[in-house]
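# Observations on the model geometry
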Amino acid sequence: MKKILLPVTILLLFVLLMLVWQAPTLLAMVPSRYVAAYAPEAVQRLAAGEQAPLLPTAAVVADISALLPTPTLIPTQPLPATLTPIPTTSAAGMPSLTPPPTATPPPTVTPSPTPLPYPPSARLRGITHHFQEWNNCGPATLSMSLSYFGVYHNQATTSAVLKPNPEDRNVSPHEMAAYVNNETDLAALFRANGDLDILRGLLSNGVPVIIETGIDPPGTFSWMEWYGHYLLVVAYDDESETIWVFDSWLGTTNELPEATTTEDGGQYIEFGVQDGDGRTMDYATFDQYWRQFNRNYVALFNPAEQAEIVTQIVGAQVDDETMWAQAFERTAVELEQEPDNAFLWFNLGTIYTAQEEYALAAVAFDQARAVGLPWRMLWYQFGPYEAYYQVGRYQDVLDLTNLTLDRRPYFEESFYYRGLAHQALGDGRAAEADFARAVNFNPNFAPAVDALAKIRG
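Just so it is clear, the structure is predicted and the values come from calculations on it, not from any experiment.

## A short note on the overall build of the protein
The helix and strand tally for the protein stands at 18 helices and nine strands. Taking all 457 residues of the protein together, the buried fraction comes to 53%. Long-range pairs, those at least 24 residues apart, make up 71% of the contacts in the protein with a sequence separation of at least 6. A total of about 20,400 Å² of accessible surface is found on the protein, and carbon and sulfur atoms cover 55% of it.

Structure representation (structure tokens):
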């Protein structure tokens, strides 16, 4: 009997050691939403695997002295006569990833040439707060915004269009604007380079605003590190320099939700109904995180009643060329003050990409990587893929898309750009496979649908 037990014991120990050794790989095969919902924090960390804290730098960073001249690419344009609900380029600087508008545009209006006076404080009321389901801040925040107008599309409804696969880690602002324009009777305007004056004007005139922002998870969530996030701005007050937001993850109060430990050691967050006035941030902190996403925002409004006032508030920046020219000037000033801010260099790359100055954009993105970007940066913004692809740096596209998709094959945009790089390098079979993966992951992602049809045709 002992002769049998000894080898069996050794075998079991060997199997146990192999399981421990391969645990990160095995956990990576489990959809993340299940690990996050049911596993203790230690297991969640293990599932995340060893991850470099920053994106890798480029092999060579070119001379950056030419990046910040006085912009001559785009002259200042007169105020446009009409409001376009969806810009012709996305704030990520990728015209090819911006779905064409199909909704009827708002009525033609003439913007006011003079600035509008805004009250020192304002608040939107009547919004239904939604706690997000797993990785669902975009659809949940959009649902909250729609509720202000009495349009009750829950996050299951919005996510079915915005991210058919629940593992999808990103919904872009232009996709949310397209949802409003195509799926409701409301209108939405997506812009970059927002500021507090625009927020004041929109909120004080009954226009809810979704912003795209960075977040360093607080409290018990701090181990998760930097993420991209959406917030619904609901109020401001100039005297206290305070912004109030409804947060689909952390709620409507500054009190953080606590993790509850189950009998088997698992953890979950028990989100109840919150009726707070909103989580608060001072103006400086709010802008610090907002500018990490080029100060992107989506404004929702009633096209029959609010199109004119929205156009007046946004002003010259309803025109793409003017918006990017003004964003350039603002970013250049900020970089003079903070040359070691990687997010600002990334913003500069995004601006140059939108202006189709891809060689300059590539250098700006190289500099952002050299200074140091969070490793999740390319989950949300894809300008480096476009810039490197356009200047023929296909291996850089492959390196960054492979890094993003490693252990997390949850980004149709990364599959799409990896397919483009493979195609440019002459590997049609790999390109077709990546385009197919993008389409299977998100059948509503038109660029991949078109690319797959072309390569098969």
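That covers the picture; the talk isn't over yet.
## Side note on the pattern of salt bridges
The final tally for this structure, using the stated rule, is 15 salt bridges. The closest approach of N and O atoms between Asp-287 and Arg-295, which form a salt bridge, is 2.9 Å. The salt bridge partner of Glu-334 is Arg-295, with a shortest N-O separation of 2.6 Å. Within this pair, whereas Glu-334 is found in helix H11 (residues 320-337), its partner Arg-295 is found in the loop between helix H9 (283-290) and strand E9 (297-301), the two being separated by 39 residues in sequence. Accessibility classification places Glu-334 together with Arg-295 in one group, the buried group. Ionic contacts of the salt-bridge type, sharing partners, join the residues Asp-287, Arg-291, Arg-295, Glu-334 and Glu-338 into one network.

## Quick look at the nonpolar core
Judged by nonpolar contacts, the single largest core of 64 residues is most densely connected at Leu-348 and Tyr-416. Looking at this core, the elements with two or more residues in it are H11, helix H12 (342-354), helix H13 (358-371), helix H14 (383-390), helix H15 (394-405), helix H16 (412-424), helix H17 (428-441) and helix H18 (446-456). Looking at this core, the element that brings in the most residues is H12, giving nine residues. Grouped together as the second largest cluster of nonpolar side chains are 51 residues, Val-233, Ala-235, Phe-286 and Tyr-297 included.

## Re the confidence of the model for the protein
Confidence in the prediction for the protein averages 83 pLDDT; 73% of positions are at 70 or higher. A low-confidence stretch, residues 71-113 stays under pLDDT 50, and its non-local contacts, those more than four residues away or across chains, total 109 contacts. Low pLDDT, under 50, characterises residues 260-272; the stretch is placed with 30 contacts to residues that sit more than four places away or in other chains.

## Some thoughts on the packing of H14 against H15
The geometry of H14 relative to H15 is characterised by a closest axis approach of 7 Å and an angle of 155° between their N-to-C directions. By the angle between their axes, H14 is roughly antiparallel relative to H15. The handedness of the crossing between H14 and H15 is left-handed. Residue-level contacts link Pro-384, Tyr-385, Tyr-388 and Tyr-389 of H14 to Tyr-394, Asp-396, Val-397, Leu-400, Thr-401 and Thr-404 of H15.

## Topic: the packing of H12 against H13
With their axes 8 Å apart at the nearest point, H12 and H13 run at an angle of 165° to one another. The orientation of H12 with respect to H13, classified from their angle, is roughly antiparallel. H12 and H13 meet at a crossing whose hand is left-handed. Touching Ala-342, Trp-345, Phe-346, Leu-348, Gly-349, Thr-350, Tyr-352 and Thr-353 of H12 are Tyr-358, Leu-360, Ala-361, Ala-364, Phe-365, Gln-367, Ala-368 and Val-371, all from H13.

## A word on the packing of aromatic side chains
What the rule picks out here adds up to 19 aromatic pairs. Relative to Tyr-417, the ring of Tyr-416 lies with its centre 5.2 Å away and its plane at 70°, an arrangement referred to as edge-to-face. Note on Tyr-417: relative accessible area 0%, which makes it buried. A network of ring pairs unites the aromatic residues Trp-226, Tyr-227, Phe-293, Phe-343, Trp-375, Trp-379, Tyr-380 and Phe-411 as a single cluster.

## Comments concerning the environment of Gly-150
Along the chain, Gly-150 falls in the loop between helix H5 (137-147) and helix H6 (155-162). In this structure, the C-alpha to C-alpha distance between Gly-150 and Ile-127, residues 23 residues apart in sequence, is 8.8 Å.

## Some points on the pairing of strand E5 (residues 242-246)
In terms of burial, E5 is a largely internal element, five of the five residues being buried. Where burial is concerned, the two faces of E5 agree: the one with Thr-242, Trp-244 and Phe-246 and the one with Ile-243 and Val-245 are both buried. As judged from the five bridges shared by strand E4 (residues 227-237) and E5, these two strands associate in the antiparallel manner. In the sheet register, Tyr-236 faces E5, and the bridge partner there is Ile-243. Counted between consecutive antiparallel strands, the loop separating E4 from E5 contains four residues, among which Glu-241 sits at a positive phi close to 50°. Bridge count between E5 and strand E8 (residues 279-282): four bridges; the pairing is antiparallel. Opposite Thr-242, over in E8, you have Asp-282 as the bridge partner.

## Examining the side chain of Thr-184
When you line up the elements, Thr-184 lands in the loop between helix H7 (173-183) and strand E2 (187-191). Of note is the side chain of Thr-184, whose polar atom sits 2.6 Å from the backbone oxygen of Val-180. A polar atom in the side chain of Thr-184 sits 3.1 Å from the backbone nitrogen of Leu-186. Not counting chain neighbours up to four residues away, the residues in contact with Thr-184 comprise Leu-146, Val-151, His-153 and Tyr-179.

## Remarks on unusual backbone geometry
Of note in the backbone geometry, Glu-225 takes a positive phi value of approximately 70° without being a glycine. Relative to the helices and strands, Glu-225 is located in the loop between strand E3 (209-215) and E4. Unlike most non-glycine residues, Glu-356 shows phi in positive territory, near 65°.

## Considerations on H13
Over its 14 residues, H13 extends 20 Å from the first C-alpha to the last, a length consistent with the 20 Å expected when each residue adds 1.5 Å. Of all the 14 residues making up H13, ten are buried; the element is thus mostly covered by neighbouring parts of the structure. Of all the positions in H13, only Tyr-358, Ala-361, Ala-362, Val-363, Ala-364, Phe-365, Asp-366, Gln-367, Ala-368 and Arg-369 are classed as buried. Where the residues of H13 are buried, they touch H12, H14 and H15. After H13 finishes, the residue Gly-372 shows a positive phi value of roughly 125°.

What counts as what
Residues numbered from 1 in each chain as written. Predicted model: local features only at pLDDT ≥ 70, side-chain atom pairs only at ≥ 80, totals over all residues. Heavy atoms only, no water. Helix = DSSP H or I, 4+ residues; strand = E, 2+ residues; numbered from the N terminus. Buried < 20%, exposed > 50% of the residue type's maximum accessible area, 1.4 Å probe, protein only. Contact = heavy atoms within 4.5 Å. Areas by Shrake-Rupley, 256 points an atom, 1.4 Å probe, with all protein chains shown as cover. Salt bridge = Lys/Arg side-chain N within 4 Å of Asp/Glu carboxyl O. Core = buried A, V, L, I, M, F, W, Y, C linked by side-chain atoms within 4.5 Å. pLDDT = per-residue confidence, 0-100. Axes fitted to C-alpha atoms, helices over the stretch in contact; angles between N-to-C directions. Parallel < 35°, antiparallel > 145°, perpendicular 65-115°, else oblique. Left-handed = near helix turned anticlockwise from the far one by under 90°. Phe/Tyr/Trp six-rings, centres within 6.5 Å; stacked < 30°, edge-to-face > 60°. Pairing = 2+ DSSP bridges. Polar contact = N/O pair within 3.5 Å; in protein donor to acceptor, adjacent residues only side chain to side chain. Expected span 1.5 Å × (residues − 1).

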